[in-house]
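# Report on the structure
Listed here are the chains, written in short residue letters.
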Amino acid sequence: MLEQLLIFTRGGLILWELGKALKGSPIDSLIRSCLLEERSADAAFHYDAPAGGAAYTLKWAFDNDLGLVFVAVYQRILHLLYVDDLLAAARREFSRIYDPKRTSYDDFDEIFRQLQKEAEARAEEMRKSKQAGRAPAVAPGKKQAPGSTVRGSGKQRSGSSGGSGKDDSDGDSGKGRSLANGSLNGQENGNKENSRAPNALIKGKENGAPEVGAFDVNKLHKLRSKGGKKTDNGVGGSVGGSVGGGKAAKAGPKKIVKKNRVWDDSPSESKLDFTDPSGERGEGPTEVVAADQGESMMDKEEIVSSDSEDEEDEEVEHEKPGTKKKGWFSSMIQSISGNAVLEKSDLQPALKALKDRLMTKNVAEEIAEKLCESVATSLEGKKLGSFTRVSSTVQTAMEEALLRILTPKRSIDILRDVHAAKEQGRPYVVVFVGVNGVGKSTNLAKVAYWLLQHQINVMLAACDTFRSGAVEQLRTHARRLQIPIFEKGYEKDPAIVAKEAILEAKRNNSDVVLVDTAGRMQDNEPLMRALSKLINLNNPDLVLFVGEALVGNDAVDQLTKFDQKLADLSAVPNARLIDGILLTKFDTIDDKVGAALSMVYVSGAPVMFVGCGQSYTDLKKLNVKSIVKTLLK
């Protein structure tokens with residue numbers, strides 16, 4: 001039985017509703033966690049009501065031409081088979097009576113009741129026919145499970161569920177998308193790899209004989225016959241030289257020492273050795289370095305120029321696949337008339353090109369595929385405007401989708417939050433977490449330098465009690481920036497060190513405490529348990545995940561497992577997860593900016609800082625428009 005069915009516009013205006021309001025607002029969660037996050041291609045969305053409420057499943061359908069959304073809500077335990085069929089029928093009938101000027105559709109009540117009866121009858125008839133068709137296959141003495149008839153092939157499943165459009169894909173596409181509320185299903189990758197493994201083995205047996213091994217012996221013989229002379233001469237010369245003349249063997253090439261290059265015959269004035277030659281406090285050199293650094297790049301605005309040439313090149317690229325199906329004249333007539341309705345087959349060439357382009361920009365393959373599926377869902381059934389190409393329509397839809405994903409959903413103004421915490425008489429606490437070697441300590445110092453420029457008192461907490469030299473590294477940054485540091489040495493509990501640092505900051509009237517933690521791999525459970533303890537014990541205001549901009553698919557694995565471990569190992573019901581992302585080494589990737597998209601899509605956390613160099617000023621805000629333009633270029 002349906003709990004609720006809602007029809008509303010993309011602008012949020014509710015046109016028609018069936019059922020009462022449910023506890024916890026599952027439809028609001030669907031919009032916030034699934035539709036706005038470009039996960040509309042998922043098969044369903046599962047929602048658990050707070051305070052031990054019921055668990056619901058939500059399914060939806062779009063009328064992209066009219067801009068309408070149809071959402072059905074039912075209890076997860078029921079497994080209603082007719083929901084997709086009912087949504088398709090409701091979409092078809094409601095679009096006939098829809099008028100943009102109308103706000104009330106009371107006459108649709110009777111129509112929907114009739115549609116629901118017909119959908120239930122079809123589902124019941126389909127179930128009986130399946131049971132009758134499979135009854136002889138059951139072995140005597142064994143009872144058939146009531147739900148086993150539902151789990152048939154992909155054709156049977158789509159036939160019973162109707163023509164909603166989401167379930168028309170193959171059976172595997174819906175397997176790993178059951179978790180649509182933001183958390184990626186870790187079992188999906190495993191299923192895909194296991195399913196591909198047998199094919200790879202069979203292909204290997206077909207291409208080469210089993211005894212050949214990792215290379216072809218015939219090719220090896222050919223290579224030997226071609227390069228035999230060179231190899232024999234080279235070997236013979238070297239052996240003859242070493243045996244015949246001892247002097248020749250001793251007289252080897254001299255080792256060339258590499259010298260620093262000097263440009264324009266002028267000596268380099270840059271000082272690469274920043275070790276502090278002065279006393280323990282190092283006041284003199286620190287003041288000079290801090291004065292020379294200048295203004296942080298966080299406070300500078302970036303201007304993004306528009307490139308029209310790239311869009312024209314892209315249209316030319318996407319024009320070739322379309323010429324196979326439609327002629328030039330017919331496509332021109334359709335573009336003039338503007339009545340062409342987009343189908344999935346029309347979108348596939350442009351979406352495939354977009355997916356390949358995103359993957360070349362270092363976007364994880366799984367995320368690129370999900371984004372293309374979401375764009376296809378939002379465009380299917382929509383009418384093309386006059387003089388509009390499919391490629392440009394897909395490009396525009398993808399650009400809007402990327403802007404929605406990368407734009408922060410909440411305020412990321414740390415300065416305002418710091419002042420709010422100061423008014424409450426407590427320090428603002430930021431914890432830096434991440435895997436090994438990504439630059440947590442260096443970028444922590446950059447954030448400290450930026451806060452100092454805004455007249456904020458900063459204190460560092462050396463909670464990396466695991467890695468050798470970590471405390472000394474942070475002590476050097478504190479000395480150069482002339483800020484206090486709280487340290488307890490090595491082999492101490494980092495959670496206790498952080499707690500004592502926060503108490504010390506309260507006594508010294510420090511505004512911000514920046515907590516440095518040890519680098520840890522996402523699969524290292526003892527270190528992840530220690531990190532969870534530190535976060536739960538001290539309840540920081542901000543948990544920043546520091547990740548490299550160089551990674552591609554690893555970004556998905558790192559962030560997913562960090563969030564999962566923090567949730568699993570938390571001692572409180574509402575576990576603290578990753579609040580924001582700091583991307584490092586952004587100056588080394590050229591146009592491979594896909595890691596930013598992968599991390600934001602997986603975690604839902606915004607990119608708050610971007611590290612782009614070695615000096616304290618090399619810290620930026622993420623320019624969303626620039627990233628989107630680079631991804632689609």
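Note that the structure is a prediction, hence the values are computed from the model and not measured. (Residues numbered from 1 in each chain as written. Predicted model: local features only at pLDDT ≥ 70, side-chain atom pairs only at ≥ 80, totals over all residues. Heavy atoms only, no water.)

### A word on the sheet that holds strand β2 (residues 14-18)
The strand order across the open sheet built from five strands is β2-β1-β5-β4-β3, with neighbouring strands paired in antiparallel fashion. This sheet does not close on itself; its edge strands, each paired only once, are β2 and β3 (45-48). Shown here is a sheet whose adjacent strand axes are inclined to one another by a mean of 20°, direction ignored. Pairing of strand β1 (residues 2-9) with β2, which is carried by four bridges, proceeds in the antiparallel orientation. The partner of Leu6 across the bridge, within β2, is Glu17. (Pairing = 2+ DSSP bridges. Helix = DSSP H or I, 4+ residues; strand = E, 2+ residues; numbered from the N terminus. Axes fitted to C-alpha atoms, helices over the stretch in contact; angles between N-to-C directions.)

### A word on the pattern of salt bridges
Side-chain pairs of opposite charge can arise where the charged atoms are in close proximity. As enumerated under the stated definition, the model contains 24 salt bridges in all. With its nearest N and O atoms 3.9 Å apart, the salt bridge here joins Asp591 to Lys361. Residue Asp591 is located in the loop between β11 (580-584) and α21 (594-603), and its partner Lys361 is located in the loop between α12 (344-360) and α13 (365-379); the two are separated by 230 residues in the primary sequence. Accessibility expressed as a relative area gives 21% for Asp591, which makes it partly exposed. (Salt bridge = Lys/Arg side-chain N within 4 Å of Asp/Glu carboxyl O. Buried < 20%, exposed > 50% of the residue type's maximum accessible area, 1.4 Å probe, protein only.)

### What about the side chain of Lys59?
Tracing the backbone through its elements, the reader meets Lys59 in strand β4 (residues 55-63). Taking the relative accessible area as the measure of exposure, Lys59 reaches 14% and is therefore buried. There is a polar contact of 3.2 Å between the side chain of Lys59 and the side chain of Asp84. (Polar contact = N/O pair within 3.5 Å; in protein donor to acceptor, adjacent residues only side chain to side chain.)

### Some points on the packing of aromatic side chains
Within the structure shown, the criterion is met by 11 aromatic pairs. Seen in terms of ring centroids, Tyr98 and Tyr105 are 6.4 Å apart; in terms of plane orientation they differ by 20°. Their pairing is stacked. Note on accessibility: Tyr98 and Tyr105 belong to one class, buried. Ring centres of Phe108 and Phe112 lie 6.4 Å apart, and the angle between their planes is 40°; on these two criteria the pair is classed as tilted. Placement of the pair is Phe108 and Phe112 together in helix α3 (residues 108-134), with a separation of four residues, close to one helical turn. By the burial criterion, Phe108 is buried, and Phe112 matches it. Connected via pairs of aromatic rings, a cluster forms that spans Trp16, Phe70, Phe94, Tyr98, Tyr105, Phe108 and Phe112. Positioned above the aromatic ring of Phe62, the side-chain terminus of Arg10 is 4.8 Å from the ring centre. (Phe/Tyr/Trp six-rings, centres within 6.5 Å; stacked < 30°, edge-to-face > 60°. Lys NZ or Arg CZ within 6 Å of the ring centre and 35° of its normal.)

### Structural notes on the UniProt feature "domain: SRP54-type proteins GTP-binding" (unreviewed entry) in the protein
UniProt annotation of "domain: SRP54-type proteins GTP-binding" (unreviewed entry) refers to residues 606-619 when read in the numbering used here. End-to-end, the C-alpha atoms of residues 606-619 are 16 Å apart, and along that stretch the chain is 0% helix and 43% strand. (UniProt positions renumbered as here; feature names shortened; annotations may be inferred.)

### Here's the deal with helix α19 (residues 525-538)
The first and last C-alpha atoms of α19 sit 20 Å apart over 14 residues, in line with the 20 Å expected at 1.5 Å per residue. Where α19 is concerned, the buried positions are Leu527, Met528, Leu531, Ser532, Leu534, Ile535 and Asn538. Around the axis of α19, the buried residues are gathered within 160° of arc, so they sit on the same side. (Expected span 1.5 Å × (residues − 1). Arc of directions from axis to C-beta.)

### What to know about the environment of Asp417
As for its position among the elements, Asp417 is in helix α15 (residues 414-423). Residue Asp417 is classed as partly exposed on the basis of its relative accessible area of 25%. Counting along the chain gives 11 residues from Asp417 to Tyr428, while the straight-line C-alpha distance between them is 7.8 Å.

### Structural notes on α15
If you check which residues of α15 are buried, you get Ile414, Leu415, Val418 and Ala421. Projected onto a plane normal to the axis of α15, the buried residues spread over an arc of 125° and lie on a single side. Of the surrounding secondary structure, the elements contacted by the buried residues of α15 are β6 (428-433), α16 (440-453), β9 (512-516), β10 (542-548) and β12 (607-611). (Contact = heavy atoms within 4.5 Å.)

### Quick look at the confidence of the model for the protein
Counting all residues, the mean pLDDT for the protein is 74, and 67% of those residues have values of 70 or more. Taken together, the stretch residues 331-337 has pLDDT below 50 and engages in 10 contacts with residues farther than four places along the chain or on a different chain. (pLDDT = per-residue confidence, 0-100.)

### Describing the pairing of β6
A regular strand places its side chains so that they alternate between the two faces of the sheet. Most of β6 is tucked away, with six of its six residues classed as buried. The alternating pattern of β6 places Tyr428, Val430 and Phe432 on one face and Val429, Val431 and Val433 on the opposite face, and all of these are buried. Bridging between β6 and β9 involves five bridges; their strand directions are parallel. Each residue of the ladder has a partner; that of Val430, found in β9, is Leu514. Across four bridges, β6 lies against β10 in parallel orientation. The residue bridging Val433 from the neighbouring strand is Phe545, located in β10.

### Examining the nonpolar core
Grouped together as the largest cluster of nonpolar side chains are 111 residues, with contacts concentrated most on Leu371, Met398, Phe432, Leu451, Leu460, Leu514 and Phe609. Contact partners of Phe609, with chain neighbours within four places excluded, come to Met298, Ile414, Val447, Trp450, Leu544, Ile581, Leu582, Leu583, Leu619 and Lys620. The next biggest cluster of nonpolar side chains, apart from the first, holds 25 residues, and it includes Leu2, Ile7, Leu80 and Ala89. (Core = buried A, V, L, I, M, F, W, Y, C linked by side-chain atoms within 4.5 Å.)

### What to know about the side chain of Thr517
Examined against the element boundaries, Thr517 turns out to sit in the loop between β9 and α19. Take Thr517: its relative accessible area is 2%, and that puts it in the buried class. A distance of 2.4 Å separates a polar atom in the side chain of Thr517 from the backbone oxygen of Phe432. When neighbours within four sequence positions are excluded, Thr517 is seen to be in contact with Val431, Phe432, Val433, Lys440, Cys463, Asp464, Leu531 and Leu534.

### Remarks on a nonpolar patch on the surface
A cluster of nonpolar side chains, namely Met1, Ile77 and Leu78, defines an oily patch on the protein surface of about 360 Å² accessible area. Along the polypeptide, Ile77 turns up in the loop between β5 (68-75) and α2 (83-97). (Patch = residues over 30% accessible without salt bridge, like charges linked within 9 Å, V, L, I, M, F, W, Y side chains within 5 Å. Areas by Shrake-Rupley, 256 points an atom, 1.4 Å probe, with all protein chains shown as cover.)

### Structural notes on unusual backbone geometry
Although it is not a glycine, Glu491 adopts a positive phi angle of roughly 60°. Among the secondary structure elements, Glu491 is positioned in the loop between β8 (485-486) and α18 (494-507). With a relative accessible area of 76%, Glu491 lands in the exposed category. In this structure, Asp590 is a non-glycine residue whose phi angle is positive, near 60°. Counting through the fold element by element, Asp590 comes out in the loop between β11 and α21.

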